Amino acid sequence: MKKFKQNAPAIPILVWFGLLVGIPLIFVLVLSFLSRDSLGNIVVEFTLDNYKRIFDPIYLKVFFNSFLLATLTALITLLIGYPVAYFTAKLETKKKALAILLIILPFWISSLLRTYGWIILLGNRGLINNILLNLHIIDKPLGMMYKFGTILTGTAYMLIPFMIIAIYNSVDKLDKSLLEASYDLGAGKWKTFFSITLPLTIPGIAGGFTLVFIPALGLYFISDLLGGGKNIFLGNLINSMVTKGRNRPLAAAFSVGMIVMVLIVLFIYNRITRNNKERLL
Amino acid sequence: MKKPLLNLINMNKYFGTSHILKDISLDIMDGEFLTLLGPSGCGKTTILRCIAGLENIDSGDILLNGNSIKDLPPNKRNVNTVFQNYALFPHLNIFDNVAYGPRIKKSMTEDQIKKRVAEVLELVQMTGYEKRMTNQLSGGQRQRIAIARALINEPDILLLDEPLGALDLKLRKYMQTELAGLQKQTKTTFVYVTHDQEEALNMSDRIVVLNKGVIQQVGSPRDIYKNPNNLFVADFIGDRNIKKVKVLEIHDEYSKIKLGNSIINIRNTNNMQRSIQSGEIAILAVHTDKMRITCNNTPNSLSGEIVSVHYAGSQIRTRVNVGGEKITVIEYQNNDCDYEIGDMVHVSWEESGAILLPMEDDFDEIVKSEFHT
């Protein structure tokens, strides 16, 4: 009873999660083991065929592509985001607040609109090509659209704030006296960074990596708009299985496959942060 | 004899518009235990950080072994700091924490490092803790590791920033003895920062008393305690009754002064008294625990009325109204006679317990009424 009272405030959120996350997830899981008829109606008949099709080389390649895109996105946002986060955390309080505001400002604009922005920028009749053509630096448009790199750029751009904020938090709460102790013991700025700052901000890096990797795996409108449908990723695939292929059980099985990939990343993240928490507390 | 190891020369430091250190000049001798003592905000920690190189000075110079180090970054100065919160690296174990300095500077081989770490851990009595993580240690143990991590570098000077502040009273007393012993054993120059006068008096060879970024007095603990050379030091060190008095006559051996309505003689003990002229207002400072209350009149005593009596463990704290001036007396044993609130008694003091100081403009500011009325 006592325990119940203690946990009572958590009940609304548990109900919320149960209804809106738990039940749909179970529904997807059940669906993934069912079949469909030729019209796309669901037939209650147990099968493992949907999962077997994941191992079709064509689909495996899609899984690999998505994994590659998500990993590269996380790495690129880490490389760009770390210095940004590091120097933001070193700013004085007022400038710091402004910098954080600027970092999260893009979230106030629809992500779809921002993706169209990239087309305006990179398209064959886009801003960059127009300027270069008018300056006679090039004589035909650079083909910057519909490539893997275009999708990577768009995805990284979309998700980099998550990386910056995660790393910023761990740099910001780093005890300044540890850095002073390091200088005091004979280390210069670079040595201090690699021996003290970097290892102590690993939880932030792991957090940022997770926050970028997971959505990068599932974003499908960016690859649709910037990739022109040439590169197929998990998100596009599942989307078209539902809307065009009318094969919801297969889409469910692929979704479960994607969830498993996410769980693996979350598991690694947990391991890293748990080890760190033990030491830092 | 001893030679100066570090010279601070007319050092000034500003934070924004506030003048934190004002013309600090100080010679620190090789092998001494020097304490910077003062209330919070007096600039003592800033001096330490300037020596360490963690702050730049705005003017003046810092000489270590005769060479200016004021423009060197902290990692190029052969001084090490024990930080107030210890600042042990949480991601490294004790061995790696202690080995950090030599490894960064590549000053020793891995074998030498092993040997030296074992030596310094033995010195601070932490042998066997090499594999522990910092969060598995108590406050006192972290303190020892912080000292070991600094000492392994064989610094010219070890800077300690209120290192005992976070420990409980009992451990603090124990660590005072330990630290003083460690200093004698390693013959390293210690510059120690504290706001705790007892710590300073216990451990130091010399004490520098600071207030508002200005050095007030430099001297041995005994000197500082017995012969404060200004009002601030008299008020800050020890527990004194501080009263405005009128100087009536000045003789070679003693001076005649008037406190309230009472006239009393005070022995001339302090150099500063020579600058006092008869007829002036001066400051009388008497250690509360060098005073006595008697029921019978004794020569050279003040008569007054008991205002309050407090028993605080081993000491008895009595307040006496002497002609309008309230005086606090601390006695450690049974009174010479029984008295109650309202009784008329006589207050006297040991000659060495009282000094006369010249009047200062900021008397009212320094002698806060809540403690001395």
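Residues numbered from 1 in each chain as written. Chains lettered and ligands numbered in written order. Predicted model: local features only at pLDDT ≥ 70, side-chain atom pairs only at ≥ 80, totals over all residues. Heavy atoms only, no water.

Draft legend 1. Representation of the overall build of chain B in the model. Within chain B one finds ten helices and 20 strands. Considering only C-alpha atoms, chain B reaches an extent of 75 × 45 × 40 Å along its principal axes. Buried residues in chain B amount to 51% of all 373 residues. Partitioning the intrachain contacts of chain B with sequence separation of at least 6 by distance along the chain shows that 67% fall at a separation of at least 24. Charged side chains in chain B number 43 positive and 47 negative. The centres of these two groups are separated by 5 Å. (Helix = DSSP H or I, 4+ residues; strand = E, 2+ residues; numbered from the N terminus. Buried < 20%, exposed > 50% of the residue type's maximum accessible area, 1.4 Å probe, protein only. Contact = heavy atoms within 4.5 Å. Lys, Arg positive; Asp, Glu negative; His and termini not counted. Charge placed at Lys NZ, Arg CZ, Asp CG, Glu CD.)

Draft legend 2. Molecular detail of the pattern of salt bridges. Taken as a whole, this structure holds 22 salt bridges over all chains when the rule is applied. For B:Arg49, the salt bridge identified is with A:Glu180, shortest N-O distance 2.6 Å. Of the two residues, B:Arg49 sits in helix 1 (residues 44–52) while A:Glu180 sits in helix 9 (residues 176–184), which places them in two different chains. Across the pair, exposure class does not vary: B:Arg49 and A:Glu180 are buried alike. The partner of B:Arg49 in a salt bridge is B:Glu55, and the shortest N-O contact between them spans 3.1 Å. Judged by its relative accessible area of 18%, B:Arg49 is buried. Under the relative-accessibility criterion, B:Glu55 is labelled buried at 18%. Connected through salt bridges with shared partners, the residues A:Lys176, A:Glu180, B:Lys13, B:Arg49 and B:Glu55 form a single ionic network. (Salt bridge = Lys/Arg side-chain N within 4 Å of Asp/Glu carboxyl O.)

Draft legend 3. Spotlight on the environment of A:Lys140. For A:Lys140, the position within the fold is in the loop between helix 7 (127–134) and helix 8 (148–172). A relative accessible area of 60% means that A:Lys140 is categorised as exposed.

Draft legend 4. Here's a closer look at the nonpolar core. Residues and elements named next belong to chain A. By size, the foremost hydrophobic cluster in this structure holds 52 residues, and its most contacted members are Tyr82, Ile167, Leu217, Ile222, Leu234, Met241 and Phe254. Examining the composition of this core, we find that eleven residues originate from one element, helix 4 (residues 57–90), more than from any other. Setting aside chain neighbours within four positions, we find isoleucine 222 in contact with Thr115, Ile151, Gly154, Thr155, Met158 and Gly227. (Core = buried A, V, L, I, M, F, W, Y, C linked by side-chain atoms within 4.5 Å.)

Draft legend 5. Here's a closer look at the pairing of strand 14 (residues 281–287) of chain B. Residues and elements named next belong to chain B. Counting buried residues in strand 14 gives six out of seven residues, a clear majority hidden from the surface. Here strand 11 (residues 240–250) pairs with strand 14 via seven bridges, running antiparallel. Considered in strand 14, the bridge of lysine 243 is made with leucine 284. (Pairing = 2+ DSSP bridges.)

Draft legend 6. Region of the structure containing the confidence of the model for chain A. Of the residues in chain A, 98% reach a pLDDT of 70 or more, and the chain-wide mean stands at 91. Here helix 1 (residues 2–7) of chain A stands out as the element of chain A with the lowest mean pLDDT, 74, in contrast to helix 9 of chain A, whose mean of 96 is the highest. (pLDDT = per-residue confidence, 0-100.)

Draft legend 7. Spatial organisation of the confidence of the model for chain B. Residues and elements named next belong to chain B. This prediction gives chain B a mean pLDDT of 89; 96% of its residues lie at or above 70. The spread of mean pLDDT over the elements of chain B runs between helix 10 (residues 369–372), the lowest at 47, and strand 3 (residues 33–37), the highest at 97. A low-confidence stretch, residues 369–373 stays under pLDDT 50, and its non-local contacts, those more than four residues away or across chains, total eight contacts. For this predicted complex, the interface score ipTM comes out at 0.85, while the overall pTM is 0.84.

Draft legend 8. Molecular detail of helix 11 (residues 202–218) of chain A. With 17 residues, helix 11 of chain A extends 25 Å between its outermost C-alpha atoms, agreeing within 8% with the 24 Å of an ideal straight helix rising 1.5 Å per residue. Every buried residue of helix 11 of chain A is listed here: A:Gly204, A:Ile205, A:Ala206, A:Gly207, A:Gly208, A:Thr210, A:Val212, A:Phe213, A:Ala216 and A:Leu217. (Expected span 1.5 Å × (residues − 1).)

Draft legend 9. Molecular detail of the interface of chain A and chain B. Each side of the interface is counted separately: chain A has 22 residues, and chain B has 25 residues. When the two sides are added together, the surface that chain A and chain B hide from each other amounts to roughly 2000 Å², 58% of it contributed by carbon and sulfur. The interface formed by chain A and chain B includes one salt bridge. At the boundary of chain A and chain B, one finds nine residue pairs in polar contact (both at pLDDT 80 or more). Looking at the side of chain A that touches chain B, the elements that each hand over two or more residues are helix 9, helix 10 (189–200) and helix 14 (248–280) of chain A. (Buried area = accessible area lost by both parts, 1.4 Å probe. Polar contact = N/O pair within 3.5 Å; in protein donor to acceptor, adjacent residues only side chain to side chain.)

Draft legend 10. The arrangement of the sheet that holds strand 3 of chain B in detail. All names here are of chain B. What the six strands build is an open sheet, ordered 6-7-8-3-9-10; its pairing is mixed. Looking at strand neighbours, the two that pair on one side only are strand 6 (79–82) and strand 10 (214–219), the edges of this open sheet. This sheet shows a mean twist of 20 degrees between the axes of neighbouring strands, independent of strand direction. The pairing of strand 3 with strand 8 (residues 189–194) spans five bridges and is parallel. By the bridge assignment, threonine 35 is partnered in strand 8 with tyrosine 192. Strands in contact with helix 4 (residues 139–151) are strand 6 and strand 7 (157–161); relative to strand 6, the strand with the most contacts, it is inclined by about 175 degrees. (Axes fitted to C-alpha atoms, helices over the stretch in contact; angles between N-to-C directions.)

Draft legend 11. Focus on the packing of aromatic side chains. The tally for this structure, following the rule as stated, stands at 18 aromatic pairs over all chains. Considering the side-chain rings of A:Trp118 and A:Tyr157, the 5.3 Å spacing of their centres and the 75 degrees angle between planes classify their relative orientation as edge-to-face. Here A:Trp118, found in helix 6 (residues 111–122), pairs with A:Tyr157, found in helix 8; they are 39 residues apart in sequence, far enough to count as distant. Ring geometry for A:Phe148 versus A:Phe233: centroids 6.2 Å apart, planes at 35 degrees, classification tilted. A residue pair is termed long-range when its members are at least 10 positions apart, and A:Phe148 in helix 8 and A:Phe233 in the loop between helix 12 (221–227) and helix 13 (234–243) qualify at 85 residues. A relative accessible area of 2% places A:Phe233 in the buried class. Following the ring pairs from residue to residue traces out a cluster consisting of A:Tyr82, A:Tyr86, A:Phe87, A:Trp190, A:Phe193 and A:Phe194. Here B:Lys131 stacks its cationic end above the ring of B:Phe95, 5.9 Å away from the centre of that ring. Directly above the ring of B:Phe89 sits B:Arg149, whose terminal nitrogen or CZ lies 4.6 Å from the centroid. (Phe/Tyr/Trp six-rings, centres within 6.5 Å; stacked < 30°, edge-to-face > 60°. Lys NZ or Arg CZ within 6 Å of the ring centre and 35° of its normal.)

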